[in-house]
Structure formats: structure tokens, C-alpha cells
Amino acid sequence: MEATKTKYSADGMARLARKAAAEGIVLLKNENNVLPFDENETISVFGRCQLEYYRSGTGSGGAVNVAYTTNLADGLKNSNKVKLNEELYNTYKNWIKENPFDNGGGGWAAEPWCQKEMPVSYEMAAEAAKKSSKAVVVIGRTAGEDKDNKAEEGSFYLTGEELSMLQNVVNAFENVIVVLNVGNIIDMSFLQTLSYAFRIKAVLYAWHGGMEGGNATADVMTGKVMAQGKLSDTIARSIEDYPSNVNHGGDLKNIYQEDIYVGYRYFETFDKNAVMFPFGFGLSYTDFEIAPGECYTRLRNDKPELVIEGMVNNKGTKYSGREVIQIYAEGPQTKLGRPAKVLVGFKKTGVIPPGGSEEFEILIPFSALSVFDDTGITGHPNCYVVEKGDYVFHIGNSVRDTKVMLVDSRAKYHIGETEVVEKLNEAMAPIESFKRMCPGEKKTDGTYTLEYENVSLKKNFLRDRVLGNLPEVIEYTGDKGYVLKDVADGKCTLDEFVAQLSNEDMATLVRGEGMCNVKVTPGTASAFGGVSDRLLDFGIPIACCADGPSGVRMDGGFKATQLPIGTALACTWDPDLVEKLFTMQGKEILINNIDTLLGPGMNIHRHPLNGRNFEYYSEDPLITGKMAAATVRGIDKNGVFATIKHMALNSQEHNRRKIEAVVSQRAIREIYLKGFEIAVKEGNAKSIMTSYNPINGYWSASNYDMTTTILREEWGYDGLVMTDWWATMNGAIDRGEDSVKHTADMIRSQNDVYMVVSNNGAELNVNGDDTIQALEEGRLTVGELQRCAKNICRFLLNTPSLKRVGSLRNQIPFMASEKTGEAGVQEIAKTPRVELGNAKEPTDRWFYCDRERIVNVVVKIMYDHSNIAQTVCKASLNGKELNIFQTNGTDGNWIYQKLLRVRLEEGWYHLELEFPKPGMQVAYMEFVSEN
Ligand code: BGC
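The structure displayed is predicted, hence computed values, not measured ones.

1. A look at the packing of aromatic side chains
Per the stated rule, a full pass over the model turns up 24 aromatic pairs. For the ring pair tyrosine 266 and phenylalanine 270, a centre distance of 5.5 Å and an interplane angle of 45° mean the geometry is tilted. Taken as a pair, tyrosine 266 and phenylalanine 270 lie in helix α8 (residues 264-270) at a separation of four residues, close to a single helical turn. This pair shows no difference in class: tyrosine 266 is buried, exactly as phenylalanine 270 is.

2. Comments concerning the nonpolar core
One finds Phe46, Met188 and Tyr205 to be the most contacted residues of the largest nonpolar core, which totals 192 residues. Broken down by element, this core gets its largest block of residues, eight residues, from helix α16 (residues 621-636). Beyond its immediate sequence surroundings of up to four residues, tyrosine 205 is in contact with Gly24, Ile25, Val26, Leu28, Leu180, Val182, Asn184, Ile185, Ile186, Met188 and Ile235. Counting 54 residues, the second-largest nonpolar core is a separate cluster that includes Val498, Phe528, Val753 and Phe795.

3. Description of the site of the ligand
As a matter of local geometry, the ligand sits amid 14 residues, with Glu145, Asp547, Arg612, His646 and Asp724 nearest to it. Taking lysine 645, its side chain carries an N or O atom lying 2.9 Å from an oxygen atom of the ligand. Within the contact set of the ligand, an oxygen atom lies 2.7 Å away from a side-chain nitrogen or oxygen of aspartate 724. Contact with the protein chains hides 100% of the accessible area of the ligand, taken as 310 Å² for the molecule alone. Across the shell around the ligand, the residue classes break down as five nonpolar, two polar and seven charged.

4. Structural notes on the packing of helix α1 (residues 13-23) against helix α7 (residues 213-222)
Running from N to C, α1 and α7 point in directions that differ by 55°, and their axes come no closer than 8 Å. It follows from the interaxial angle that α1 and α7 lie oblique. Seen along the crossing, α1 lies across α7 with a hand that is right-handed. Residue-level inspection shows Arg18, Ala21 and Ala22 of α1 in contact with α7, the latter providing Gly213, Asn215, Ala216, Asp219 and Val220. In the contact of α1 with α7, the residues fall into four nonpolar, two polar and two charged.

5. Comments concerning the confidence of the model for the protein chain
Of all residues in the protein chain, 98% have pLDDT values of 70 or greater, and the mean over the chain is 95. In the predicted structure, residues 1-5 sits below a pLDDT of 50 and forms 13 contacts with residues beyond four places in sequence or in another chain.

So, how was this worked out
Residues numbered from 1 in each chain as written. Predicted model: local features only at pLDDT ≥ 70, side-chain atom pairs only at ≥ 80, totals over all residues. Heavy atoms only, no water. Phe/Tyr/Trp six-rings, centres within 6.5 Å; stacked < 30°, edge-to-face > 60°. Helix = DSSP H or I, 4+ residues; strand = E, 2+ residues; numbered from the N terminus. Buried < 20%, exposed > 50% of the residue type's maximum accessible area, 1.4 Å probe, protein only. Core = buried A, V, L, I, M, F, W, Y, C linked by side-chain atoms within 4.5 Å. Contact = heavy atoms within 4.5 Å. Near = heavy atom within 4 Å. Polar contact = N/O pair within 3.5 Å; in protein donor to acceptor, adjacent residues only side chain to side chain. Areas by Shrake-Rupley, 256 points an atom, 1.4 Å probe, with all protein chains shown as cover. Nonpolar A, V, L, I, M, F, W, Y, C, P; charged D, E, K, R; others polar. Axes fitted to C-alpha atoms, helices over the stretch in contact; angles between N-to-C directions. Parallel < 35°, antiparallel > 145°, perpendicular 65-115°, else oblique. Left-handed = near helix turned anticlockwise from the far one by under 90°. pLDDT = per-residue confidence, 0-100.

Shown next, in the form of C-alpha cells:
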């Protein structure tokens with residue numbers, strides 16, 4: 001069927017995805033140079049994931065239909081470098097046939113974190129050891145949307161089966177290599193607790209590398225690609241060591257007590273001993289020396305800029321490789337406490353041959369030394385300041401392995417007077433008191449005693465700011481005959497165009513429809529813009545957005561290329577490579593008539609158990625921002641757009657619509673918004689999705705300070721903002737209860753589009769949202785609604801959807817009849833309803849249409865699950881796809897959905913239902929005739 005064909009894959013995209021997946025693999029240990037494998041070695045591979053490779057996590061970020069996938073065992077076999085222990089390989093193949101992959105029934109968030117492992121006895125391992133001297137043990141994990149990891153066996157910890165497999169393998173083999181096919185960091189204590197653990201000579205975090213990840217892992221192990229990835233997170237000895245551990249995973253509230261001390265910022269400042277593998281660490285197959293050359297300051301735009309020059313030398317004699325030069329700043333503890341080290345710059349070299357060298361230059365802006373004063377203690381409240389004192393720069397290839405660099409020939413870079421770098425506003429401040437971590441006395445080992453201080457609370461209330469800043473109303477003109485394209489052609493201004501729209505038009509415009517809307521590419525997340533005939537008449541196109549982030553999700557069955565997960569990409573430390581890869585991704589988006597990809601995901605890895613960490617990059621905001629900016633630049637080059645998400649603090653999946661982040665302004669700015677700021681300022685991001693959760697009392701979808709004060713006023717953003725799907729909002733000024741109906745507060749905050757109401761529900765206001773009512777009651781001004789309408793239209797003007805607009809108006813798919821049908825059928829003229837008997841498994845029916853009719857197709861469906869779950873059903877007529885319809889859990893209630901209008905000719909129709917994801921029940925499908 002047409003819908004299952006790969007529409008397009010940019011030339012070389014899979015090849016580049018393979019390179020990126022390989023370059024993001026992190027080698028944590030490689031004793032006796034056990035890797036890369038020697039020519040013609042025979043390898044025994046244990047663990048079912050050698051064949052059942054996890055290419056991604058679960059949920060919307062993992063749901064890419066791929067044409068093929070790869071796995072490690074076959075990748076090694078096809079490498080032509082090593083041989084596999086075929087007997088063991090076949091044992092696994094046969095065992096998997098008997099013990100197939102358990103997807104938990106295929107429902108939303110139902111897939112378990114890991115799969116049952118084949119028991120490996122000592123005898124079996126010893127038998128394998130007769131055939132090969134090296135063993136590989138593959139451990140796999142998944143997690144995802146609505147499914148956080150847990151500190152349990154099978155999730156964060158290894159299972160008993162896995163431990164026993166590993167134990168028997170190390171008992172039998174001298175040289176064991178552990179490959180972790182995971183989306184998140186997992187517990188690594190087995191490296192210390194297992195007896196004979198010293199026989200684990202190598203450990204690779206292979207992550208989820210997308211559809212080419214199996215090949216990519218083999219590439220690194222065979223030395224086709226040199227190991228070069230560096231951790232974008234700290235691996236601590238125990239889960240309890242992470243400073244957010246006590247406050248992660250709550251039901252309604254998480255206090256961000258660790259403040260800015262996330263990841264290495266905490267460990268380097270307070271608890272160095274808790275670290276097993278430091279941030280930025282990763283081995284290569286050769287040895288590099290980073291030789292700092294000249295480091296000097298110069299003026300750029302009247303501000304000093306640090307220029308670091310130097311040389312990287314490959315000291316090895318056998319292997320080439322690439323190294324990452326990392327620069328960390330250590331600032332003074334003047335008045336504001338700060339982390340012992342902060343990453344301020346990095347650069348990855350090219351491939352350096354053995355004995356070879358490469359010069360580098362890294363530029364660090366003065367502002368990289370600044371911190372946000374949210375207390376006013378420096379005398380500069382709500383400013384980024386570079387405090388007076390001494391700054392030391394450390395250069396190295398991990399946060400731990402560094403040396404001090406001389407700047408302008410001195411060991412310390414001295415700032416005589418505290419300088420204000422940026423004067424900003426109090427925004428998003430906490431409304432409840434709590435204590436946050438801060439450094440106390442410096443200890444002899446260079447760390448600090450851990451102390452706590454009160455956060456400063458909100459002083460400036462929003463009312464005056466919101467109401468004092470209302471946009472002017474553009475006088476309503478009615479239809480002047482302008483279409484949106486006239487703005488692009490200079491025939492009218494955007495204001496003149498928007499002046500034509502009635503309040504109802506604009507209230508419709510701010511509603512996106514979805515998922516699986518027939519008005520756009522099948523099976524995608526939303527259609528927005530021209531969602532009514534009136535809006536289409538104004539030439540407002542229907543734009544399409546699709547998940548993201550690592551490949552295009554088209555539940556309709558179109559195939560797409562699945563890329564490595566965000567964490568793997570971050571571990572390449574190579575924004576240039578990421579930009580190239582996403583330039584190709586942009587082509588795939590364009591060719592599928594999609595205007596914006598719902599990605600990259602760029603929340604901070606606050607805690608290892610967050611189920612969606614795989615979609616995100618790092619615990620560090622600089623890496624996060626640089627990777628996201630590169631992704632945005634790559635995608636946007638094609639005239640389509642990336643949507644950076646989820647702004648902000650979507651740090652856990654459990655109760656993600658309600659869990660409130662209670663957090664200081666400083667942590668918000670320096671950690672959780674910093675990546676977004678970089679993506680906006682350096683990547684020129686034009687589309688943003690907000691998160692579900694409230695932050696200091698205000699839900700993200702109606703958070704004026706976040707999406708107006710900071711994003712638009714301080715950062716100068718003029719793009720589009722959308723909510724996450726089925727988001728809730730509370731009062732933009734007075735807070736109160738959250739609801740899907742509070743679109744007036746969303747609009748007031750300049751969160752432009754509500755995602756999503758059900759298909760064909762925008763014009764009808766099926767959610768019963770309060771936009772029009774709020775205008776009538778004076779809780780929202782027309783100017784504010786026009787401001788969002790302008791933000792949306794400005795965005796649409798630059799999307800490919802504008803070129804499609806002419807073809808969409810009143811487009812009705814036509815369905816031809818079958819010549820013959822079955823007896824005992826239902827006739828559409830008399831009984832437009834085709835009863836489906838609460839079908840939940842593939843089924844079919846025949847019906848007859850008595851003459852040519854235009855019909856509205858309506859279904860009655862139910863999904864006995866809560867609304868966090870999603871499922872789809874696919875309907876075909878006479879072998880041609882009619883519609884894919886989607887629903888969230890309906891808690892067992894039957895609901896109706898109007899799917900589409902379609903023209904049927906007279907004759908027989910064969911209706912078939914398929915259930916690509918289980919759970920939905922279909923009572924009937926009704927073809928309501930218009931003529
Ligand atoms: C997710 C988003 C996703 C959207 C559309 C939401 O549930 O949080 O990341 O883009 O659904 O699938």
C-alpha cells in the first residue's frame with residue numbers, strides 16, 4: 001500500500017547516522033587494549049540485545065517506522081574483520097524464537113524496561129570460551145514517555161538473570177567487554193561488586209543509536225571508527241549520590257534544592273569521591289596530549305574575550321583518533337556561590353593520525369564567566385554579573401583530567417570590579433520558600449562544605465507587568481481581500497492582514513488539531529493554521545508538525561530514517577556533525593510535507609531516572625544548547641523548522657502534567673533555560689513547544705514570564721510557541737486551577753497555539769475553551785489575541801505550507817466503488833451506520849452506497865485507559881487508506897470523532913479496520929450524507 005513506502009531518505013543520511021551513532025559511543029574502560037578487535041578474532045557474544053537491538057526509547061520520541069534496522073551481532077558478522085562464535089549466535093537466535101520480544105501488549109508506555117535474558121550457565125560460558133578468547137555481554141534497557149526508569153532491577157539496576165550471565169561469563173573468560181545498549185545511565189556497581197569483575201576489560205556506553213546503531217557499535221568495536229565519544233553526564237557510584245535524588249519523582253511538587261549544582265557542578269564542588277566516571281570522560285584507542293599554547297584576552301565589542309590556542313598531539317603509534325578539548329572555568333566565591341568548575345568552551349579535533357598533531361583555537365566570551373544574581377547580594381539584582389576576583393581556566397579532556405592554563409602569562413585572570421553583563425528582569429521567581437544548596441568553606445581537597453541558603457522569593461507581581469504591557473488593538477476591517485501570501489509579496493502588512501480576521505477566526509487559529517489529521521501528512525501529530533474553511537479562504541495554510549526528535553514519526557505507516565538519540569549525539573561533542581545530519585533530516589521533513597519537526601528535545605538531565613533522558617542531551621546547558629542550536633540550524637536550512645522542546649523543566653515523566661518545579665530564578669536561568677537561550681540566539685530557533693508542568697505556580701502553557709518576559713522581550717524571539725499536546729493552563733496573572741479550557745491565559749502569555757483539539761474540532765471549539773468568553777468578559781484583549789495571530793502567521797509565512805494552500809480548500813478525497821460486494825450488507829442511504837461490534841482486532845464489513853454522495857465520516861470509539869495513553873486505528877476502503885484515527889485514553893467512556901469528508905460514488909465498499917497499536921474499540925463508523 002502507498003502509505004507504507006519510504007517517501008524519501010536523503011542521500012547518505014543513513015550513512016551519516018551510522019557515523020554519528022559510532023562517534024557518540026563512549027568507551028569507559030579498555031584494559032590491555034582489548035578493543036578494537038584484532039583481525040580474524042572469534043568473539044562470543046552474550047545477551048539477547050545483540051540481536052534485538054534497542055534503537056530508541058519508547059513513546060512519541062521513539063515511534064519512527066523504519067524500513068530496516070541493524071544489530072550488533074550482524075554488524076560484527078558483516079564487518080569482515082572478526083568471526084562470531086556461530087554456535088552461540090544460533091543458540092540465541094533459537095532461544096529468541098521461543099522467547100519472543102515482549103512489547104507489553106503494544107499499548108502506550110506498556111513496553112517493559114528490559115527483556116527476559118537467556119540463562120547462561122558456567123558450563124555454557126566455558127564451552128564458548130573454548131572457541132574464543134573474548135566475550136561481549138550486551139545489556140539493554142529502554143524507557144520513555146510516561147514511563148520513567150525506576151531504581152529497580154530491570155530498570156536502573158541489572159536483573160538477577162543479567163548478573164548471573166555476567167558472572168558466569170567473567171568466570172569463564174579473561175577478557176570481557178560489556179556493551180550497554182541503553183537510553184539512560186544505569187547502575188555500574190557491578191564493575192566493583194562482581195567477583196572477577198577485573199576481567200571486564202572494556203565497557204562501552206553504546207546508547208540507542210537509531211536504525212544504524214547496531215552497525216555503528218560494531219564499527220567502534222572493530223576499529224573501523226575510532227572510539228571517541230565523551231560522557232555528557234556524570235556517572236556516580238550510586239543513585240543516591242545524585243543531588244536531585246531526594247527531590248526527584250514526586251507526585252505534585254519537586255523542590256530543586258540542588259539549585260545550579262546539577263551533575264558535575266555538584267560533584268566537583270561537593271563530592272568528588274562519588275564519581276565513578278566523570279563528565280566529559282571517554283577513552284580513545286590512542287593517547288592524546290593537549291598542549292595549550294597561547295591563551296590571551298582581547299576585546300570584542302568592548303568586552304574581553306578569551307582566546308585559547310594550542311595543539312593536540314596523537315602520541316600513539318598505531319591508531320588515529322579524535323579528541324575533545326574542554327575548557328572549564330573556576331570562578332571566585334565572592335558573594336554568589338558557584339560551582340568549582342563550569343564548562344565554558346569545547347572543540348573536537350579532526351582525525352589525527354598516529355604521531356600527528358592538530359592546532360586548535362577556542363573562543364570564550366566574557367559573558368561565560370557571569371552568574372545570575374537572583375538575591376541582589378552583589379548590588380545588581382536580576383543581572384548577570386562577572387564578579388570581581390580571580391578566575392582560573394582548566395583545559396583537559398574531562399572535567400577531572402585537566403591542567404591549569406596560563407592566561408596572559410598569569411595563572412589567574414583577575415577581575416578588579418564586579419561587572420554587569422546583562423540587566424534583566426525578575427521573572428519566574430519562586431513563590432514558596434525553600435533552602436537551596438550553596439558552597440561553604442573550602443576544604444583541603446579543593447571541594448566545599450555543603451551548606452544551604454534561603455532562596456529569594458517573588459517580589460514583582462505580574463499584574464502590573466501584564467496589564468501595563470498590553471499590545472495596541474488593530475482595528476478590525478473585515479475582509480479586504482488580502483490573503484496571507486500578500487504579506488510576503490509586500491501587498492499588505494501583517495497588521496493589515498490580521499485586521500481582517502474576526503475574533504472567532506483568531507480563536508480558531510490558535511487551536512491546533514490532531515493527532516493524525518487528514519488535512520496533513522497521514523499519522524502526524526498536528527495540523528494547525530488554516531484549520532477552518534474561513535481561515536483557508538484568507539490563504540492561511542494548514543501546517544503540519546510531526547514528532548521528533550530522532551526521526552519523523554508517521555503513524556500512518558510512512559517509513560523514515562531513525563537517527564541516534566539525543567544523548568548519543570551529545571556524546572559526539574561535535575555540533576558540526578549534528579548540523580550536517582539534521583540538514584539531511586530537514587530534507588526528509590520537507591519531502592513528507594511536514595513544516596516543523598517536534599524536536600530537538602532539550603531538557604536537562606537532572607536525574608538518571610527520567611524516562612525521556614534519551615531524547616535529551618546532557619546535564620550541562622552549554623552542550624545542550626550547542627547541540628540544539630546545531631540541530632535547529634541544520635533542519636531550518638531546508639525551509640522547514642525545528643521545534644525545540646519542552647520549555648522548561650520537564651525533568652520527569654511521572655505525573656508530568658501536574659508536577660510543579662519549585663526552583664530558584666538562578667537555576668532556571670543558568671541551567672534550565674540556558675540551552676533554550678543558546679538555541680534561540682545561536683540557532684535562530686523559530687518554533688518552541690512548552691512543557692506540561694507548572695513552574696513556581698504557573699503552568700508552562702500560560703507562563704507569561706517564560707514566554708513573554710524572558711523569551712520574547714529579553715531574548716528577542718519572534719517565532720511561534722505551541723503548547724505540548726492536551727496541555728493545561730492556569731491563570732497567567734492569578735494562577736488558580738489548571739484546565740484545558742484556559743486558552744485566554746495561554747494567549748495572554750504568548751503561547752500561540754493550543755495543541756491539540758480533536759480533528760475538525762477547532763472551528764467548533766470542541767474543548768469549550770474560554771478565548772471568546774474572556775474577550776467578552778474583558779479578561780483578554782483583542783490586541784493580545786491579534787498578537788498571537790501575528791506570531792502564527794509570521795511563522796506560517798516562512799513554511800512550505802504556504803505553497804500548498806491553494807490545493808487544500810474544500811479538498812475531498814474520492815473513493816471509487818468495487819464492482820461487486822457481498823450479500824447482507826448495509827446500505828448507506830438507509831443505514832449510514834456500519835456497525836463494527838466494538839471491534840478491537842482487524843475486521844471488515846461491506847456496504848453499498850446508493851448514489852454519489854458527499855459523506856462526513858464519524859466514528860464511535862472507546863479506549864479503556866487514562867488520558868496519558870495514545871492509540872490509533874487505521875480504516876481502509878476498497879484497499880485505499882481512508883483515515884487513521886487516534887485517541888488518548890477515554891477512561892472507558894465512548895466518544896465520537898468526526899474524521900473527514902469524502903465523496904463516494906455509487907457502488908460497493910469494503911471497509912477494513914487495522915489496529916497498529918492495540919487498545920481502541922470501535923462501535924461503528926457512520927457515513928453521514930450531505931446530499
Ligand atoms: C509529548 C511531545 C510530543 C507530543 C506529540 C506529547 O505527549 O510530550 O514531546 O511532541 O506529544 O506527539
